[in-house]
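# Summary of structural features
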Amino acid sequence: MIPEIGHFALILALALAACQAVLPMVGAQRNDTTMMSIARSAAYGQFLFIAISFGCLIYAFLHDDFSVLYVASHSQLALPTPYKVSAVWSAHEGSLLMWILILSIWTMAVAHFRGDRPQKLDARVLSVLGMLSVGFLLFALLTSNPFERLIPAALDGGDLNPLLQDPGLAIHPPILYVGYVGFSVAFAFAIAAMISGELDQNWARWTRPWTVIAWSFLTIGIALGSWWAYYELGWGGWWFWDAVENASFMPWLIGTALIHSLAVTESRGLFKSWTLLLAITAFSLSLLGTFLVRSGIIVSVHAFATDPTRGYFILTFLAIVVIGALILYAWRAPALDSSVGFGLLSRETFLLLNNVLLVVATTLVLLGTLAPLIVEMTSGGKISIGAPWFEVAFLVPMIPLVMLLGLGMHTAWRRQNTAPWQKLLRLPAIAAVVVGILLPLLFYGRVGLMLAVGTIAAVWIFFSSLIQPIRSWRRAPGNAGITRSALGMCIAHFGMGLFVLGATIVSAFGIESDRSLSIGESVEVAGLEFELRELRDVTGPNYSAIEGVIEVRRDGEFVTTMRPQKRQYLVQKSWMTEAGIYPRWNKDLFVALGDQLGGGAWSVRIQYKPMIRFIWIGAFVMAMGGLISVTDRRYRRRAIPEPAV
């Protein structure tokens with residue numbers, strides 16, 4: 001009975017989404033306040049029914065209802081309760097339902113936090129979100145019903161993928177989806193503005209907080225995914241340039257350009273074309289990522305589906321969204337020109353360069369991701385584009401971008417006088433060069449060209465990000481201090497510096513060593529002695545494991561004991577690697593137990609990862625900066641009508 005309730009709730013949600021998609025848009029055209037007001041009620045009702053449906057699916061998992069095919073395929077009796085909950089979104093049907101739930105939450109939030117937005121704009125935005133909900137609800141009901149029955153019911157389930165039986169799964173996908181789906185709000189605002197023709201500075205002010213929140217959650221979600229892959233997959237890397245990883249990274253890059261472009265549109269009324277196209281592209285890339293994950297055309301530990309029908313559906317949906325949005329843009333493009341100018345040395349110039357470089361970086365990642373698929377579909381041949389290509393191609397636009405970052409944030413709007421600008425940045429720039437060269441030399445014993453570029457860039461971002469907060473702190477009492485928006489910008493940029501430093505140092509000084517060890521033997525890696533003391537059997541709730549006990553010493557002094565495991569899960573019978581990690585703020589020691597080699601020996605992968613935590617800490621600091629910036633009071637005040645020109 002519960003699954004039928006869940007399915008029926010989705011049908012009711014579809015009916016409300018259809019009303020939300022059509023009636024408010026018609027009401028806005030007719031200036032009918034009654035029809036426009038339907039949008040808010042429909043958004044609330046839609047959320048209620050989708051939440052009921054999602055709750056029914058959770059109930060089915062918690063009560064081991066193996067008459068539901070999705071539950072029988074991705075759970076089992078001995079699965080720990082927390083993983084029964086996270087199994088709800090572990091595969092295609094459940095994760096799609098979670099996507100729809102998060103879209104309804106975003107829609108309800110937009111409806112609730114209306115602020116000073118005009119009712120017509122609000123109605124059009126909610127109408128566009130309703131159209132998107134209709135598309136995804138049809139996708140779920142027609143091709144991906146999570147409540148499909150299994151007759152007769154199974155006695156036990158097929159178990160959750162062992163790779164996903166990890167706490168990281170419980171938090172990574174929902175947070176990632178909040179960011180992914182959140183770009184639909186920016187898209188909806190863009191479509192609504194193009195329909196009405198009202199694309200002014202107030203529109204940018206209304207759009208920007210929603211976009212920054214989505215970007216912040218996507219930043220956290222990507223960081224959590226990187227962290228999960230690092231410790232769960234047993235390879236010790238933090239980014240593999242996997243097609244599905246890239247599918248989340250590309251919207252993040254375009255989203256980064258979008259929030260900066262919105263800043264220009266909000267402050268100066270410029271870059272309207274940039275802002276609209278970036279809003280369309282950010283959400284389109286989110287849909288492309290959905291297609292890659294759910295179409296079955298790629299093989300990845302992150303991919304969900306192998307049903308081409310689902311791929312055709314989402315590809316058609318993507319085409320409708322993109323083509324429709326671009327037609328609207330072409331219609332409005334002639335009216336987007338602005339007579340307002342800016343000097344060569346100005347904040348607008350640096351933000352324009354920021355947009356160009358981020359778009360170039362996204363294009364390179366997109367080409368590297370899709371090229372193997374295109375070659376295979378067109379010629380039947382196979383090519384492989386791996387991490388070395390991505391790393392080189394991505395660095396081309398990224399190196400100038402991080403160098404320009406510290407310059408642009410201290411440049412005035414319209415036109416910057418050169419003398420005070422040079423005076424402000426001269427000392428931080430010199431200090432960044434000196435510290436950036438000395439840091440790897442003193443702590444790690446060597447420095448090279450690319451290493452120096454990376455550390456100088458990181459330190460330059462640190463110093464340039466601190467200038468404005470320090471000047472505000474030293475300002476006399478009573479004078480205006482730094483705004484929350486500016487403070488958030490500085491914090492986010494500081495987080496980028498942490499990320500750049502961590503990525504540079506771990507890439508240059510990380511050590512990886514694959515060794516053979518028997519009980520009682522030891523090896524030396526990075527000045528540390530790793531001794532395999534024993535191997536023992538361990539039993540978990542739904543797995544058995546062989547656990548290695550490895551003692552680590554430096555110069556004979558005990559450092560820690562690490563316990564990597566090789567687990568075999570009882571239902572799927574697959575062997576999984578659980579790494580042993582010794583985390584410190586400035587380094588990780590990473591040990592993974594490999595295969596048994598015979599004669600009592602085991603292959604062991606030992607890694608030394610200096611400053612790897614800075615990568616994830618930096619991402620969280622970036623996200624925190626974004627969330628702080630949206631608390632600025634200007635996003636809560638009423639709009640001031642623009643004077644007639």
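Residues numbered from 1 in each chain as written. Predicted model: local features only at pLDDT ≥ 70, side-chain atom pairs only at ≥ 80, totals over all residues. Heavy atoms only, no water.

What follows covers the domain arrangement of the chain. On domain assignment, one finds that the chain holds domain 1 (1-165), domain 2 (174-337 + 350-379), domain 3 (395-510) and domain 4 (511-613). Inter-centroid distance (C-alpha atoms) of domain 1 to domain 2 is 22 Å. Opposite the 36 residues of domain 1 that make contact, domain 2 presents 38 residues. Each partner contributes to the roughly 3,200 Å² buried at the junction of domain 1 and domain 2, and carbon and sulfur atoms together form 80% of this total. Counting the surface domain 1 buries against domain 2, the share from its top three residues, Trp99, Trp106 and Leu163, is 24%. The tally of links between domain 1 and domain 2 comes to 2 salt bridges. Measuring nitrogen to oxygen at the nearest pair gives 2.8 Å for the salt bridge that ties glutamate 93 to arginine 310. Between domain 1 and domain 2 we count 7 residue pairs in polar contact (both at pLDDT 80 or more) in total. At the level of secondary structure, the elements contributing two or more residues to the side of domain 1 that touches domain 2 comprise α1 (2-30), α5 (92-112) and α6 (119-143). Counting residues per element, the side of domain 1 that touches domain 2 draws most heavily on α6, which supplies 12 residues. A per-class count over the side of domain 1 that touches domain 2 returns 25 nonpolar, 7 polar and 4 charged. (Domains from an automatic or database assignment. Contact = heavy atoms within 4.5 Å. Buried area = accessible area lost by both parts, 1.4 Å probe. Salt bridge = Lys/Arg side-chain N within 4 Å of Asp/Glu carboxyl O. Polar contact = N/O pair within 3.5 Å; in protein donor to acceptor, adjacent residues only side chain to side chain. Helix = DSSP H or I, 4+ residues; strand = E, 2+ residues; numbered from the N terminus. Nonpolar A, V, L, I, M, F, W, Y, C, P; charged D, E, K, R; others polar.)

Right, let's talk about the pairing of strand β8 (residues 580-584) for a bit. For β8 and strand β9 (residues 587-598), the ladder comprises 5 bridges, and the chain directions are antiparallel. Counterpart to tyrosine 582 in the pairing with β9 is leucine 589. Where β8 folds back onto β9 in an antiparallel hairpin, the turn is made up of 2 residues. (Pairing = 2+ DSSP bridges.)

Time to look at the packing of aromatic side chains. A full pass over the atoms with the stated rule returns 29 aromatic pairs. Between the aromatic rings of tyrosine 230 and phenylalanine 590, the centroid separation amounts to 5.4 Å while the plane-to-plane angle is 45 degrees, which identifies the pairing as tilted. Of this pair, tyrosine 230 sits in helix α8 (residues 201-232) while phenylalanine 590 sits in strand β9, and the two are 360 residues apart along the sequence. The buried category is assigned to phenylalanine 590, whose relative accessible area is 0%. Aromatic rings pair up to connect Trp215, Trp239, Trp241, Phe249, Trp252, Trp389, Phe390 and Phe394 into one cluster. (Phe/Tyr/Trp six-rings, centres within 6.5 Å; stacked < 30°, edge-to-face > 60°. Buried < 20%, exposed > 50% of the residue type's maximum accessible area, 1.4 Å probe, protein only.)

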